[in-house]
Amino acid sequence: IKRSFSSSAVRNVVIKNVTIIGGGQMGAGIAQVAASTGHSVTLVDMTDDILKKAMKGIQSSLRRVVKKTFSGDPESGDDFIQKVMQNVSTSTEPSAAIATSDLILEAIVENMKIKQDLFGFLDKMAPEHTIFASNTSSLPISDIASATSRPDRCAGLHFFNPVPLMKLVEVVATTSTSPETSESLLNFTKALGKTPVCCKFLNPCLVCPGHPWVHRHASKEDIDTGMKLGAGYPMGPFELSDYVGLDTIKFIMDGWSKKEPDNPIFAPSQLLNKLVAEGKLGKKTLEGFYKYNK
Ligand code: NAI
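All values reported here derive from a predicted model rather than from experimental measurement. Counting starts from 1 at the beginning of each chain's written sequence and moves along it residue by residue. Local features in this predicted model are restricted to residues whose pLDDT is 70 or higher, and side-chain atom pairs enter the listing and the counts only when it is 80 or higher, whereas totals over whole chains, interfaces and linings include all residues.

1. What to know about the UniProt feature "binding site: NAD(+)" (unreviewed entry) in the protein chain
Heads up, the condition is: UniProt positions are given in the numbering used here, feature names are shortened, and annotations may be inferred rather than shown by experiment. Only DSSP runs of H or I with at least four residues qualify as helices, and only runs of E with at least two residues qualify as strands; both kinds are numbered from the N terminus onward. Whether a residue is buried, exposed or partly exposed is read from the other C-beta atoms within 10 Å of its own C-beta, which are placed from the backbone; 20 or more gives buried, 12 or fewer gives exposed, and intermediate counts give partly exposed. A residue pair is marked as a contact if its C-beta atoms, positioned from the backbone, fall within 7 Å.
Taking the numbering used here, the UniProt-annotated feature "binding site: NAD(+)" (unreviewed entry) corresponds to G22, G23, G24, Q25, M26, G27, D45, E110, K115, S137, N161 and K284. Spanning 263 residues, the named residues are also spread out in space, since their farthest C-alpha pair is 54.2 Å apart. Tracing the sequence through the fold places D45 in the loop between β2 (40-44) and α3 (48-69). With 24 C-beta atoms packed within 10 Å, D45 lands in the buried category. Residue contacts for D45: discarding those within four places in its chain leaves G22, G23, I50, L51, A54 and T92. Tracing the backbone through its elements, the reader meets E110 in the loop between β4 (103-106) and α6 (112-125).

2. Considering unusual backbone geometry
Each neighbour pair has its own omega, and for N161 with P162 the value is 0°, a cis peptide bond. With respect to the secondary-structure elements, P162 resides in the loop between β6 (154-159) and β7 (168-172). Despite not being glycine, L286 has its phi angle at roughly 65°, a positive value. Here L286 shows up in the segment after α13 (270-277). Given 14 C-beta atoms within a 10 Å radius, L286 is considered partly exposed.

Given below as C-alpha coordinates:
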(Lines give C-alpha, C1' and ligand atoms only; values in the text may rest on other atoms or scores of the structure.)
Protein backbone atom coordinates (compact mmCIF):
# COMPACT_ATOMS: atom_id res chain seq x y z
CA ILE A 1 0.00 0.00 0.00
CA LYS A 2 1.33 3.40 -0.87
CA ARG A 3 1.73 5.36 2.32
CA SER A 4 -0.34 8.50 2.40
CA PHE A 5 0.63 11.41 4.61
CA SER A 6 -2.42 11.64 6.81
CA SER A 7 -3.13 14.80 8.73
CA SER A 8 -1.82 13.20 11.92
CA ALA A 9 1.49 12.50 10.20
CA VAL A 10 2.16 16.04 9.06
CA ARG A 11 0.96 18.12 11.96
CA ASN A 12 3.26 19.63 14.57
CA VAL A 13 3.64 17.31 17.52
CA VAL A 14 3.73 18.75 21.02
CA ILE A 15 6.19 16.42 22.69
CA LYS A 16 5.12 15.36 26.16
CA ASN A 17 5.76 11.60 26.37
CA VAL A 18 9.30 10.58 25.54
CA THR A 19 10.84 7.13 25.29
CA ILE A 20 14.62 7.10 25.47
CA ILE A 21 16.30 3.91 24.32
CA GLY A 22 19.74 3.43 25.84
CA GLY A 23 20.36 4.41 29.45
CA GLY A 24 24.10 5.04 29.23
CA GLN A 25 25.89 8.37 29.67
CA MET A 26 23.83 10.22 27.08
CA GLY A 27 20.43 8.53 27.49
CA ALA A 28 20.44 8.97 31.27
CA GLY A 29 21.47 12.63 30.91
CA ILE A 30 18.71 13.31 28.39
CA ALA A 31 16.17 11.51 30.60
CA GLN A 32 17.20 13.69 33.55
CA VAL A 33 16.79 16.92 31.61
CA ALA A 34 13.48 15.88 30.02
CA ALA A 35 12.05 14.76 33.38
CA SER A 36 13.28 17.93 35.10
CA THR A 37 11.34 20.00 32.57
CA GLY A 38 8.06 18.18 33.16
CA HIS A 39 8.14 15.55 30.42
CA SER A 40 7.01 12.02 31.07
CA VAL A 41 10.01 9.79 30.32
CA THR A 42 10.47 6.06 29.89
CA LEU A 43 14.09 4.97 29.89
CA VAL A 44 14.74 1.68 28.13
CA ASP A 45 17.81 -0.54 28.23
CA MET A 46 18.70 -4.19 27.97
CA THR A 47 18.86 -5.17 31.65
CA ASP A 48 17.36 -4.03 34.93
CA ASP A 49 20.85 -3.65 36.37
CA ILE A 50 21.82 -1.10 33.74
CA LEU A 51 18.57 0.78 34.35
CA LYS A 52 19.09 0.77 38.12
CA LYS A 53 22.54 2.22 37.61
CA ALA A 54 21.11 4.85 35.27
CA MET A 55 18.46 5.89 37.83
CA LYS A 56 21.10 6.11 40.56
CA GLY A 57 23.21 8.30 38.27
CA ILE A 58 20.25 10.58 37.56
CA GLN A 59 19.50 10.91 41.25
CA SER A 60 23.04 11.87 42.20
CA SER A 61 23.27 14.28 39.29
CA LEU A 62 20.01 15.89 40.48
CA ARG A 63 21.47 16.20 43.98
CA ARG A 64 24.34 18.21 42.54
CA VAL A 65 21.90 20.44 40.63
CA VAL A 66 19.75 20.99 43.71
CA LYS A 67 22.76 21.86 45.88
CA LYS A 68 23.27 24.89 43.66
CA THR A 69 19.71 25.89 42.76
CA PHE A 70 18.06 25.28 46.14
CA SER A 71 21.10 26.03 48.32
CA GLY A 72 19.14 27.83 51.06
CA ASP A 73 16.12 25.52 50.95
CA PRO A 74 17.06 21.83 51.09
CA GLU A 75 13.44 20.73 51.63
CA SER A 76 12.28 22.22 48.35
CA GLY A 77 15.35 20.64 46.76
CA ASP A 78 14.26 17.21 48.00
CA ASP A 79 10.72 17.83 46.73
CA PHE A 80 12.12 18.77 43.33
CA ILE A 81 14.19 15.57 43.12
CA GLN A 82 11.19 13.48 44.10
CA LYS A 83 8.98 15.11 41.47
CA VAL A 84 11.59 14.67 38.76
CA MET A 85 12.19 11.02 39.65
CA GLN A 86 8.42 10.42 39.44
CA ASN A 87 8.54 11.58 35.84
CA VAL A 88 10.94 8.76 34.88
CA SER A 89 10.01 5.12 34.59
CA THR A 90 12.25 2.35 33.32
CA SER A 91 11.65 -0.74 31.23
CA THR A 92 13.42 -3.53 29.40
CA GLU A 93 10.24 -4.13 27.41
CA PRO A 94 9.19 -0.85 25.84
CA SER A 95 6.02 -1.69 23.88
CA ALA A 96 3.60 -0.03 26.35
CA ALA A 97 5.64 3.16 26.53
CA ILE A 98 6.10 3.25 22.77
CA ALA A 99 2.35 3.10 22.22
CA THR A 100 1.94 6.49 23.94
CA SER A 101 5.19 8.16 22.86
CA ASP A 102 5.33 11.45 21.01
CA LEU A 103 9.08 11.07 20.62
CA ILE A 104 11.39 8.06 20.69
CA LEU A 105 15.02 9.05 21.01
CA GLU A 106 17.74 6.47 20.67
CA ALA A 107 21.08 6.77 22.46
CA ILE A 108 22.33 3.20 22.04
CA VAL A 109 25.63 1.88 20.73
CA GLU A 110 27.11 3.76 17.73
CA ASN A 111 26.47 1.01 15.16
CA MET A 112 24.44 1.53 11.99
CA LYS A 113 23.03 -1.99 11.71
CA ILE A 114 21.90 -2.05 15.36
CA LYS A 115 20.33 1.41 15.09
CA GLN A 116 18.56 0.45 11.85
CA ASP A 117 17.24 -2.77 13.40
CA LEU A 118 15.95 -0.76 16.36
CA PHE A 119 14.24 1.87 14.19
CA GLY A 120 12.71 -0.83 11.96
CA PHE A 121 11.33 -2.61 15.01
CA LEU A 122 9.99 0.59 16.60
CA ASP A 123 8.37 1.67 13.35
CA LYS A 124 5.97 -1.27 13.48
CA MET A 125 4.85 -0.49 17.02
CA ALA A 126 4.81 3.29 17.34
CA PRO A 127 1.75 5.43 16.63
CA GLU A 128 1.70 7.29 13.37
CA HIS A 129 2.46 10.70 14.88
CA THR A 130 5.53 9.51 16.83
CA ILE A 131 8.81 11.18 15.90
CA PHE A 132 11.99 9.10 15.86
CA ALA A 133 15.27 10.78 16.71
CA SER A 134 18.84 9.57 16.97
CA ASN A 135 21.58 10.99 19.15
CA THR A 136 24.25 9.53 16.85
CA SER A 137 27.58 11.37 16.76
CA SER A 138 28.64 10.29 13.30
CA LEU A 139 26.15 8.12 11.40
CA PRO A 140 23.99 9.56 8.59
CA ILE A 141 20.43 10.04 9.88
CA SER A 142 18.99 9.31 6.43
CA ASP A 143 20.52 5.81 6.53
CA ILE A 144 19.05 5.11 9.98
CA ALA A 145 15.68 6.54 8.86
CA SER A 146 15.69 4.32 5.76
CA ALA A 147 14.82 1.38 8.01
CA THR A 148 11.43 2.99 8.72
CA SER A 149 8.31 3.88 6.78
CA ARG A 150 8.41 7.39 8.31
CA PRO A 151 11.56 9.18 7.10
CA ASP A 152 9.58 12.44 7.27
CA ARG A 153 9.29 11.93 11.04
CA CYS A 154 12.95 10.99 11.60
CA ALA A 155 15.71 13.40 12.53
CA GLY A 156 18.90 13.73 14.51
CA LEU A 157 18.79 15.20 17.99
CA HIS A 158 22.40 15.48 19.02
CA PHE A 159 23.06 16.34 22.64
CA PHE A 160 26.43 17.16 24.13
CA ASN A 161 28.08 15.54 27.10
CA PRO A 162 27.41 16.13 30.00
CA VAL A 163 23.81 16.67 28.94
CA PRO A 164 22.56 18.48 32.08
CA LEU A 165 25.31 21.10 31.70
CA MET A 166 25.72 21.55 27.95
CA LYS A 167 23.26 24.02 26.44
CA LEU A 168 23.60 23.03 22.81
CA VAL A 169 21.44 20.54 20.89
CA GLU A 170 21.87 20.01 17.15
CA VAL A 171 18.59 19.32 15.35
CA VAL A 172 19.66 17.42 12.25
CA ALA A 173 17.15 17.35 9.39
CA THR A 174 17.63 15.07 6.39
CA THR A 175 16.23 15.88 2.96
CA SER A 176 13.18 13.80 3.96
CA THR A 177 12.57 15.30 7.41
CA SER A 178 9.37 17.33 7.31
CA PRO A 179 9.38 20.97 8.47
CA GLU A 180 6.75 19.97 11.07
CA THR A 181 9.10 17.37 12.53
CA SER A 182 11.97 19.87 12.73
CA GLU A 183 9.66 22.44 14.30
CA SER A 184 8.40 19.95 16.89
CA LEU A 185 11.97 19.02 17.82
CA LEU A 186 13.06 22.65 17.99
CA ASN A 187 10.19 23.37 20.37
CA PHE A 188 11.03 20.28 22.41
CA THR A 189 14.70 21.25 22.81
CA LYS A 190 13.67 24.77 23.83
CA ALA A 191 11.26 23.26 26.38
CA LEU A 192 14.27 21.36 27.78
CA GLY A 193 15.93 24.73 28.39
CA LYS A 194 18.52 24.04 25.66
CA THR A 195 19.61 26.12 22.69
CA PRO A 196 18.96 24.27 19.44
CA VAL A 197 20.82 24.83 16.20
CA CYS A 198 19.64 23.37 12.89
CA CYS A 199 21.99 21.53 10.60
CA LYS A 200 21.86 19.07 7.78
CA PHE A 201 25.06 17.39 8.88
CA LEU A 202 26.65 16.94 12.26
CA ASN A 203 29.47 19.18 13.44
CA PRO A 204 29.93 21.07 10.18
CA CYS A 205 32.01 23.71 11.90
CA LEU A 206 35.44 22.26 11.87
CA VAL A 207 36.41 23.73 8.53
CA CYS A 208 37.20 27.24 7.47
CA PRO A 209 34.48 29.87 7.73
CA GLY A 210 33.32 31.01 4.35
CA HIS A 211 33.99 27.65 2.77
CA PRO A 212 31.02 26.84 0.52
CA TRP A 213 30.72 23.39 2.10
CA VAL A 214 30.02 24.96 5.47
CA HIS A 215 27.12 27.07 4.21
CA ARG A 216 25.43 24.13 2.60
CA HIS A 217 25.07 22.47 6.00
CA ALA A 218 24.20 25.19 8.48
CA SER A 219 23.79 28.95 8.73
CA LYS A 220 26.72 31.05 9.99
CA GLU A 221 24.66 32.04 13.03
CA ASP A 222 24.00 28.40 13.94
CA ILE A 223 27.64 27.43 13.35
CA ASP A 224 28.80 30.24 15.62
CA THR A 225 26.28 29.26 18.30
CA GLY A 226 27.30 25.61 17.94
CA MET A 227 30.99 26.26 18.41
CA LYS A 228 30.38 28.54 21.39
CA LEU A 229 27.93 26.34 23.26
CA GLY A 230 29.10 22.94 22.04
CA ALA A 231 32.85 23.32 21.85
CA GLY A 232 33.29 26.06 24.42
CA TYR A 233 34.82 28.56 21.98
CA PRO A 234 34.55 32.15 23.24
CA MET A 235 33.65 33.25 19.67
CA GLY A 236 32.27 31.33 16.71
CA PRO A 237 34.46 30.99 13.58
CA PHE A 238 32.54 33.64 11.64
CA GLU A 239 32.58 36.13 14.52
CA LEU A 240 36.26 35.45 15.05
CA SER A 241 37.06 35.94 11.37
CA ASP A 242 35.26 39.30 11.38
CA TYR A 243 37.20 40.22 14.50
CA VAL A 244 40.56 39.17 13.03
CA GLY A 245 39.81 40.79 9.65
CA LEU A 246 38.73 38.98 6.51
CA ASP A 247 41.74 40.28 4.54
CA THR A 248 43.99 38.56 7.07
CA ILE A 249 41.89 35.39 6.96
CA LYS A 250 42.09 35.41 3.16
CA PHE A 251 45.84 35.81 3.39
CA ILE A 252 46.09 32.81 5.70
CA MET A 253 43.77 30.69 3.56
CA ASP A 254 45.60 31.59 0.36
CA GLY A 255 48.82 30.49 2.04
CA TRP A 256 47.34 27.13 3.05
CA SER A 257 45.82 26.65 -0.36
CA LYS A 258 49.23 27.25 -2.00
CA LYS A 259 50.84 24.73 0.31
CA GLU A 260 48.14 22.10 -0.17
CA PRO A 261 46.45 22.83 -3.50
CA ASP A 262 44.69 19.46 -3.62
CA ASN A 263 43.17 19.64 -0.15
CA PRO A 264 39.46 20.55 -0.60
CA ILE A 265 39.33 22.13 2.86
CA PHE A 266 41.68 24.86 1.65
CA ALA A 267 39.91 25.40 -1.68
CA PRO A 268 39.34 29.12 -2.31
CA SER A 269 36.18 30.42 -0.70
CA GLN A 270 34.19 32.49 -3.17
CA LEU A 271 32.24 34.14 -0.39
CA LEU A 272 35.39 35.20 1.47
CA ASN A 273 37.00 36.46 -1.75
CA LYS A 274 33.85 38.40 -2.65
CA LEU A 275 33.62 40.07 0.77
CA VAL A 276 37.29 41.05 0.67
CA ALA A 277 36.95 42.39 -2.91
CA GLU A 278 34.01 44.52 -1.74
CA GLY A 279 36.07 45.92 1.13
CA LYS A 280 33.92 44.12 3.70
CA LEU A 281 36.76 43.14 5.98
CA GLY A 282 34.88 42.50 9.22
CA LYS A 283 34.52 44.59 12.35
CA LYS A 284 37.08 47.16 11.26
CA THR A 285 34.96 48.14 8.24
CA LEU A 286 31.65 47.55 10.07
CA GLU A 287 30.75 44.71 7.71
CA GLY A 288 32.11 41.24 7.04
CA PHE A 289 30.18 38.03 7.52
CA TYR A 290 28.03 40.15 9.85
CA LYS A 291 27.07 43.85 9.95
CA TYR A 292 28.14 46.01 12.91
CA ASN A 293 27.07 49.35 14.35
CA LYS A 294 29.67 52.07 14.98
P1 NAI B 1 26.88 4.25 26.44
O2 NAI B 1 27.68 3.08 26.07
O3 NAI B 1 27.18 4.98 27.71
O4 NAI B 1 25.33 3.83 26.50
C5 NAI B 1 24.70 3.07 25.52
C6 NAI B 1 23.59 2.28 26.21
O7 NAI B 1 22.77 1.68 25.22
C8 NAI B 1 24.12 1.14 27.08
O9 NAI B 1 23.55 1.24 28.39
C10 NAI B 1 23.63 -0.13 26.36
O11 NAI B 1 23.29 -1.17 27.26
C12 NAI B 1 22.41 0.39 25.63
N13 NAI B 1 22.04 -0.37 24.44
C14 NAI B 1 22.84 -0.80 23.44
N15 NAI B 1 22.10 -1.43 22.49
C16 NAI B 1 20.81 -1.38 22.91
C17 NAI B 1 19.58 -1.85 22.37
N18 NAI B 1 19.55 -2.48 21.20
N19 NAI B 1 18.43 -1.63 23.07
C20 NAI B 1 18.47 -0.97 24.25
N21 NAI B 1 19.61 -0.50 24.81
C22 NAI B 1 20.76 -0.71 24.15
O23 NAI B 1 26.93 5.24 25.17
P24 NAI B 1 26.73 6.83 25.14
O25 NAI B 1 28.03 7.50 25.35
O26 NAI B 1 25.58 7.20 25.98
O27 NAI B 1 26.38 7.04 23.59
C28 NAI B 1 25.11 6.69 23.07
C29 NAI B 1 24.91 7.35 21.72
O30 NAI B 1 25.07 8.76 21.87
C31 NAI B 1 25.90 6.93 20.62
O32 NAI B 1 25.22 6.91 19.40
C33 NAI B 1 26.95 8.04 20.66
O34 NAI B 1 27.60 8.19 19.43
C35 NAI B 1 26.07 9.24 20.98
N36 NAI B 1 26.75 10.37 21.60
C37 NAI B 1 27.69 10.18 22.58
C38 NAI B 1 28.32 11.28 23.17
C39 NAI B 1 29.33 11.09 24.27
O40 NAI B 1 30.02 12.08 24.61
N41 NAI B 1 29.44 9.93 24.85
C42 NAI B 1 28.02 12.67 22.76
C43 NAI B 1 26.96 12.77 21.76
C44 NAI B 1 26.40 11.65 21.20
